[in-house]
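Okay, here's what each chain looks like letter by letter:
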Amino acid sequence: YPHYAQRLVKFDISNNGQDFSDSGLTFLYQAPATVSTVTPKHYGVSVGNDQMRPGLFITGANFVNSTTLRCRVGEDVIEATYLLPTLVMCFPPPVEAGTGPKRVDVANNGVDFTLSSQMVYPHPICPPGFYCPGGDYALRHKAPRGAYAVMGSQ
C-alpha cells in the first residue's frame with residue numbers, strides 16, 4: 001500500500017518480467033474514502049435542489065474534488081458536490097413517504113464506493129392534524145384550531 005494519501009505513478013506491462021512496454025500510462029493512487037456521518041438523518045419526499053430543499057451532507061475522509069465524485073443513496077447513484085476533503089453534499093431524488101431506510105456511501109471515481117456507509121430515513125407520512133405541502137413531512141404545519149386535516153393532507 002502506498003505511503004502517500006495520493007500519488008501519480010507510471011506503469012508499464014511485461015510478459016516476461018524483462019521486456020516492458022513503453023506506454024507512458026499513469027495510475028493515481030488515492031487513500032480510500034470513508035463515510036462517518038450523514039446529516040440530516042431524515043429527508044423529505046420532495047428533497048431536491050430545484051425545490052430549494054437541503055441536500056444530504058456526508059462527512060468522512062479522503063474525498064477528492066473530481067468530475068466523477070458520486071453519492072449512492074439506496075440504489076440511486078447521483079452526482080456529489082465536493083465541499084472539503086472531509087465533506088460532500090448530494091441531492092437524492094424524491095422518495096415515497098414511510099419507505100424504509102437507505103444506505104449512503106461515496107465514490108471518488110464513480111465506481112468504487114466506500115466500504116463504510118451510513119443510513120438515512122425518509123420522513124414518515126404526514127400525521128393527522130397536520131398539513132404537509134406536497135406530502136413533505138419536513139414542511140409540516142399544525143392545522144389551525146377548528147380545522148380538519150386528515151392523515152397525509154397535501
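Quick look at the structure, then. (Residues numbered from 1 in each chain as written. Predicted model: local features only at pLDDT ≥ 70, side-chain atom pairs only at ≥ 80, totals over all residues. Heavy atoms only, no water.)

1. As for the overall build of the protein chain
Per the secondary structure count, the protein chain includes 0 helices and 12 strands. Along the chain direction, N to C, the helices and strands of the protein chain fall in the order β-β-β-β-β-β-β-β-β-β-β-β. Burial analysis of the protein chain (154 residues in total) assigns 31% to the buried set. Of the contacts made within the protein chain by residues no fewer than 6 positions apart, 51% connect residues no fewer than 24 positions apart. When the accessible area of the protein chain is evaluated, it comes to approximately 9,700 Å², of which 55% is carbon and sulfur surface. (Helix = DSSP H or I, 4+ residues; strand = E, 2+ residues; numbered from the N terminus. Buried < 20%, exposed > 50% of the residue type's maximum accessible area, 1.4 Å probe, protein only. Contact = heavy atoms within 4.5 Å. Areas by Shrake-Rupley, 256 points an atom, 1.4 Å probe, with all protein chains shown as cover.)

2. What to know about the pairing of strand β5 (residues 56-61)
Every second residue of β5 is oriented toward a common face, the buried set being L56, I58 and G60 and the non-buried set F57, T59 and A61. Of the pairings in the sheet, the one linking strand β3 (residues 34-39) to β5 comprises 5 bridges and is antiparallel in character. Looking at the pairing, V38 lines up with I58 of β5. (Pairing = 2+ DSSP bridges.)

3. Quick word on the packing of aromatic side chains
The tally for this structure, following the rule as stated, stands at 0 aromatic pairs. Stacked on the ring of F113, the Lys or Arg R72 has its end atom at 4.1 Å from the ring centre. (Phe/Tyr/Trp six-rings, centres within 6.5 Å; stacked < 30°, edge-to-face > 60°. Lys NZ or Arg CZ within 6 Å of the ring centre and 35° of its normal.)

4. What about unusual backbone geometry?
Of note, the bond from T39 into P40 is cis; its omega dihedral lies within 30 degrees of zero at -5°. When you line up the elements, P40 lands in the loop between β3 and β4 (42-43). Phi at N62 is positive, roughly 65°, even though this residue is not glycine. Its location among the elements puts N62 in the loop between β5 and β6 (70-73).

5. Topic: the environment of I13
Position of I13 relative to the elements: it lies in the loop between β1 (6-11) and β2 (25-30). For I13, a relative accessible area of 55% translates into the label exposed. Along the sequence, I13 and S23 sit 10 residues apart, while their C-alpha atoms lie 8.3 Å from each other.

6. Considering the side chain of S117
Take S117: it is sitting in the loop between β9 (102-107) and β10 (118-122). With a relative accessible area of 19%, S117 lands in the buried category. Of note is the side chain of S117, whose polar atom sits 3.0 Å from the side chain of R103. Look past the residues within four positions of S117 in its chain and what remains in contact with it is V35, R103, V104 and D105. (Polar contact = N/O pair within 3.5 Å; in protein donor to acceptor, adjacent residues only side chain to side chain.)

7. Description of the layout of surface pockets
Considering only enclosed or pocket space, the largest pocket measures out at about 420 Å³ in volume. Taken together, 20 residues make up the lining of the largest pocket; nearest its centre are Q30, A31, N108, N109 and D112. When contributions to the lining of the largest pocket are tallied by element, the ones reaching two or more residues are β2 and β9. For the lining of the largest pocket, the element with the most residues is β2, which contributes 4 residues. Classifying every residue of the lining of the largest pocket by side-chain character gives 13 nonpolar, 6 polar and 1 charged. (1 Å grid on protein atoms, 1.4 Å probe; cavity = no way out; pocket = protein on both sides within 12 Å on 5 of 7 lines; lining within 4 Å. Points joined across faces, edges and corners; volume = space filled by probe spheres on them. Nonpolar A, V, L, I, M, F, W, Y, C, P; charged D, E, K, R; others polar.)

8. What about the sheet that holds strand β7 (residues 76-84)?
Spatial strand order, β3-β5-β8-β7-β6-β9-β10-β4: 8 strands in an open sheet with mixed pairing. With partners counted over all chains shown, the strands left at the sheet margins are β3 and β4, one partner each. Pairing of β7 with strand β8 (residues 87-90), which is carried by 4 bridges, proceeds in the antiparallel orientation. Across the sheet, T81 pairs through a bridge with M89, a residue of β8.

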